[in-house]
Amino acid sequence: MLFKPFTFPNGTTAKNRFFKSAMEEQLAIDNQPTQALVNLYCTWAKGGAGVLVTGNVMVSPNGKGSVGDVVVSDDRSLPMLKAWADAGKTAGTLMIMQINHAGKQSPKVVNREPVAPSAVHLSEWTVLSIRHELCKRLKLNKLLANSSRPPKSPNKQDLAVCKFTPHTVI
Ligand SMILES: Cc1cc2nc3c(=O)[nH]c(=O)nc-3n(C[C@H](O)[C@H](O)[C@H](O)COP(=O)(O)O)c2cc1C
């Protein structure tokens with residue numbers, strides 16, 4: 001069974017059921033994807049995985065969850081994003097990018113100005129800093145509009161699916 005193909009409801013087929021879940025790699029430098037990510041995903045794909053889901057890829061610097069997150073908020077990283085996508089598709093593996101916004105779970109150490117749908121703190125998380133003036137609905141709407149429009153590349157040819165995970169706790 002594990003070696004049998006699996007077709008998702010949208011028609012995309014994975015060659016087998018070995019599925020690498022989203023795990024933050026912490027391999028970005030200055031928010032940009034790196035050769036280390038390319039090498040890692042190439043290795044995993046060569047290992048025979050049917051599906052590789054990337055770790056969090058943030059849609060805005062003010063939504064980072066950790067220091068080494070990749071952020072795609074403009075076109076500057078397109079060549080490296082393409083290399084990363086190509087590496088993950090080695091040997092017919094399905095590559096899925098998880099796009100994300102950490103919202104109020106974005107820690108102070110990476111982000112002084114998080115944007116979330118409400119200014120209510122997560123009281124148990126002392127590492128967070130929610131600023132009321134930055135929690136305006138307008139800003140969040142703009143952010144969501146950006147994230148529903150993924151970057152020009154990776155596009156449909158480069159990645160099979162984009163999975164949006166707003167880690168924004170209301
Ligand atoms: C080191 C590490 C990093 C993770 N990073 C992410 C992530 O970036 N995005 C996400 O949605 N889940 C992340 N997770 C959660 C995993 O994708 C997975 O859901 C979780 O480990 C439970 O899977 P399991 O029941 O197979 O152990 C991470 C987990 C680990 C251990």
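Residues numbered from 1 in each chain as written. Predicted model: local features only at pLDDT ≥ 70, side-chain atom pairs only at ≥ 80, totals over all residues. Heavy atoms only, no water.

Chemist: When you look at the overall build of the chain in this model, what are you seeing that I'm missing?
Modeler: Each helix and strand in the chain was counted, giving three helices and seven strands. Nonlocal contacts in the chain, meaning residues at least 24 apart in sequence, comprise 65% of its contacts between residues at least 6 apart. For the chain, the accessible surface area stands at approximately 9000 Å², while carbon and sulfur atoms represent 60% of it. (Helix = DSSP H or I, 4+ residues; strand = E, 2+ residues; numbered from the N terminus. Contact = heavy atoms within 4.5 Å. Areas by Shrake-Rupley, 256 points an atom, 1.4 Å probe, with all protein chains shown as cover.)

Chemist: How should I be thinking about helix α2 (residues 78–88) in this particular structure?
Modeler: Because an α-helix packs 3.6 residues into every turn, residues spaced three or four apart end up facing the same way. Of all the residues in α2, the buried ones are L78, L81, W84, A85, A87 and G88. The secondary structure elements touched by the buried residues of α2 are α1 (35–46), β4 (51–58), β5 (70–71) and β6 (94–101). (Buried < 20%, exposed > 50% of the residue type's maximum accessible area, 1.4 Å probe, protein only.)

Chemist: Any chance you could explain the site of the ligand here in plain terms?
Modeler: The ligand sits among S21, A22, M23, E24, G55, N56 and Q98. Interatomic distance of 2.8 Å between a backbone N/O atom of E24 and a nitrogen atom of the ligand. With respect to the ligand, the backbone of N56 contributes an N or O atom lying 3.0 Å from an oxygen atom. Summarising the interface, the protein chains cover 39% of the accessible area of the ligand, which totals 610 Å² for the free molecule. For the shell around the ligand, the residue count by class is two nonpolar, four polar and one charged. (Near = heavy atom within 4 Å. Polar contact = N/O pair within 3.5 Å; in protein donor to acceptor, adjacent residues only side chain to side chain. Nonpolar A, V, L, I, M, F, W, Y, C, P; charged D, E, K, R; others polar.)

Chemist: Could you clarify how one ought to interpret the packing of aromatic side chains in this entry?
Modeler: Both the distance between ring centres and the angle between the ring planes are used here to describe each pair of aromatic rings. Tallying each qualifying case throughout the model produces four aromatic pairs. Measuring from ring centre to ring centre gives 5.7 Å for Y41 and W84, while their planes differ by 75 degrees; the resulting arrangement is edge-to-face. Taken together, the residues span a long stretch of sequence, with Y41 in helix α1 and W84 in helix α2 at a distance of 43 residues. According to the relative accessible area criterion, Y41 is buried, its value standing at 0%. (Phe/Tyr/Trp six-rings, centres within 6.5 Å; stacked < 30°, edge-to-face > 60°.)

Chemist: Teacher, can you tell me more about the pattern of salt bridges here?
Modeler: Proximity of charged atoms lets side chains of opposite charge pair with each other. Per the stated rule, a full pass over the model turns up two salt bridges. Where D74 meets R76, a salt bridge forms, and the shortest distance between an N and an O atom there is 3.3 Å. The salt bridge partner of D86 is K82, with a shortest N-O separation of 3.2 Å. Of the two residues, D86 and K82 both sit in helix α2, four residues apart, roughly one turn of that helix. For D86, a relative accessible area of 36% gives the class partly exposed. The class for K82 is partly exposed, based on a relative accessible area of 38%. (Salt bridge = Lys/Arg side-chain N within 4 Å of Asp/Glu carboxyl O.)

Chemist: Is there a simple way to explain the pairing of β4 in this structure?
Modeler: Successive side chains on a regular strand alternate, one facing one side of the sheet and the next facing the other. The buried count for β4 comes to eight of eight residues, which makes it a mostly enclosed element. In this sheet, β4 lies alongside strand β3 (residues 19–20) in parallel orientation, the contact comprising two bridges. Along β4, the bridge assignment pairs F19 with V51. After leaving β3, the chain enters α1 and then returns to the sheet as β4, a path that is right-handed. With six bridges connecting them, β4 and β6 associate as parallel partners. Looking at the pairing, V57 lines up with I99 of β6. (Pairing = 2+ DSSP bridges. Right-handed = clockwise from strand over helix to strand, strands pointing away.)

Chemist: Mind showing me how you'd approach the packing of α1 against α2 here?
Modeler: How two helices pack is summed up by the angle between their axes together with the distance between the axes. Relative to each other, α1 and α2 sit at 15 degrees, their axes nearing to 7 Å. Classified by the angle between their axes, α1 and α2 sit roughly parallel to one another. Judged by the sense of rotation from one axis to the other, the crossing of α1 with α2 is right-handed. Every residue of α2 that contacts α1 at Q35, L37, V38, Y41, C42 and A45 is listed here: M80, A83, W84, A87 and G88. Here the contact of α1 with α2 is built from residues that sort into nine nonpolar, two polar and no charged. (Axes fitted to C-alpha atoms, helices over the stretch in contact; angles between N-to-C directions. Parallel < 35°, antiparallel > 145°, perpendicular 65-115°, else oblique. Left-handed = near helix turned anticlockwise from the far one by under 90°.)

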